[in-house]
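In case you want the letters, here they are:
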Amino acid sequence: MIPGARLVMLGRQGAGKGTQCTRLSRHFVVPHISTGDMLRAAVKEGTEFGRKAQEYMSAGELLPDDIIIGIVEERLVKDDTRERGYILDGFPRTEEQAETLATITGEQPLDMVVDLDVPTDVVLGRLASRRVCVDCGANYSVQTPPKHNWTCDHCGGEVIQREDDTEEAIQRRLDLYEEETAPLVDWYRKRDLLMVVDGDGDADEVTARLVRAIESART
């Protein structure tokens with residue numbers, strides 16, 4: 001059996017992290033854990049941090065770090081992550097969160113952190129054409145729509161263009177990502193955990209690059 005992996009996936013919005021995380025989770029037989037997935041699961045299960053998160057969300061407020069970290073820690077102690085590993089998507093976002101993650105995973109540290117690198121002009125084009133299911137969050141695009149009349153193939157929800165997927169709003173988000181994530185990338189680079197992989201091109205080609213890079217780094 002292919003060995004598992006403990007990975008963090010970084011990359012600009014529109015870099016294709018979701019698609020590639022899903023593919024890598026199948027290849028390495030580990031769960032793909034996104035911040036949104038963790039949050040929804042914690043709220044649904046009514047965990048301590050899930051209940052706290054619900055209070056903030058109901059009030060329309062941003063979640064503080066301690067709740068996000070608590071939800072991550074609750075997820076990473078479950079059997080499926082401890083036995084084979086995981087791919088974290090959307091966490092950490094700051095050096096402080098990375099330091100906390102290192103403490104949480106102390107006995108089973110990360111294998112590596114992958115920075116999926118896609119040029120800004122490419123992600124701008126991808127995000128401007130992106131369409132999203134309002135119910136399950138599945139991603140589509142103008143080039144690859146759902147099979148039937150903008151109805152989600154997975155859950156039947158309506159597929160729409162997000163209001164904040166205008167070019168100006170996208171550029172602001174990309175600028176914020178660079179501002180927040182540049183120190184995090186340097187933090188992992190200094191610890192010899194960072195691997196930059198070209199994320200531009202056909203999805204199958206990118207998956208093959210990622211698998212080769214991860215497997216070569218572990219030999």
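Quick caveat: nothing in here was measured; it's all calculated off a predicted structure.

1. Considering the environment of Tyr-177
Thought 1: Here Tyr-177 lies in helix α8 (residues 167–190).
Thought 2: Beyond its immediate stretch of four places on either side in the chain, Tyr-177 contacts Leu-10, Gly-11, Arg-12, Asp-115 and Ala-182.

2. What about the sheet that holds strand β6 (residues 139–141)?
Thought 1: An order of β6-β5-β7 is seen for the three strands of this open sheet, with the pairing classed as antiparallel. The outermost strands of the open sheet, each flanked by one partner alone, are β6 and β7 (159–160).
Thought 2: Sheet analysis places strand β5 (residues 130–133) next to β6, joined by three bridges and oriented antiparallel. Paired with Val-132 across the strands is Asn-139, a residue of β6.

3. A closer look at the sheet that holds strand β2 (residues 32–34)
Thought 1: Reading across the sheet, the five strands line up as β2-β3-β1-β4-β8 and stay open at both edges, with parallel pairing between neighbours. The open sheet has two edge strands, β2 and β8 (194–198), and neither has a second partner. For this sheet, the mean inter-axis angle between neighbouring strands, taken without regard to orientation, is 25°.
Thought 2: Pairing geometry for strand β1 (residues 5–11) and strand β4 (residues 112–117), over five bridges, is parallel. From the neighbouring strand, Leu-10 faces β4, where its bridge partner is Asp-115.
Thought 3: Contacts from α8 reach β1, β4 and β8 within the one sheet, and its direction differs from that of β1 by about 145°.

4. Regarding the packing of aromatic side chains
Thought 1: A full pass over the atoms with the stated rule returns one aromatic pair.
Thought 2: Ring geometry for Trp-187 versus Tyr-188: centroids 5.0 Å apart, planes at 90°, classification edge-to-face. Grouping residues by exposure puts Trp-187 and Tyr-188 together as buried.
Thought 3: Over the aromatic face of Trp-187 sits the side chain of Arg-191, whose NZ or CZ is 3.7 Å from the ring centroid.

5. Considerations on the environment of Leu-110
Thought 1: Within the fold, Leu-110 resides in the loop between α6 (95–104) and β4.
Thought 2: Beyond its immediate chain neighbours, meaning those up to four positions away, Leu-110 contacts Arg-6, Leu-7, Val-8, Tyr-86, Leu-101, Thr-105, Tyr-188 and Leu-193.

Criteria and cut-off values
- Residues numbered from 1 in each chain as written.
- Predicted model: local features only at pLDDT ≥ 70, side-chain atom pairs only at ≥ 80, totals over all residues.
- Heavy atoms only, no water.
- Helix = DSSP H or I, 4+ residues; strand = E, 2+ residues; numbered from the N terminus.
- Contact = heavy atoms within 4.5 Å.
- Pairing = 2+ DSSP bridges.
- Axes fitted to C-alpha atoms, helices over the stretch in contact; angles between N-to-C directions.
- Phe/Tyr/Trp six-rings, centres within 6.5 Å; stacked < 30°, edge-to-face > 60°.
- Buried < 20%, exposed > 50% of the residue type's maximum accessible area, 1.4 Å probe, protein only.
- Lys NZ or Arg CZ within 6 Å of the ring centre and 35° of its normal.

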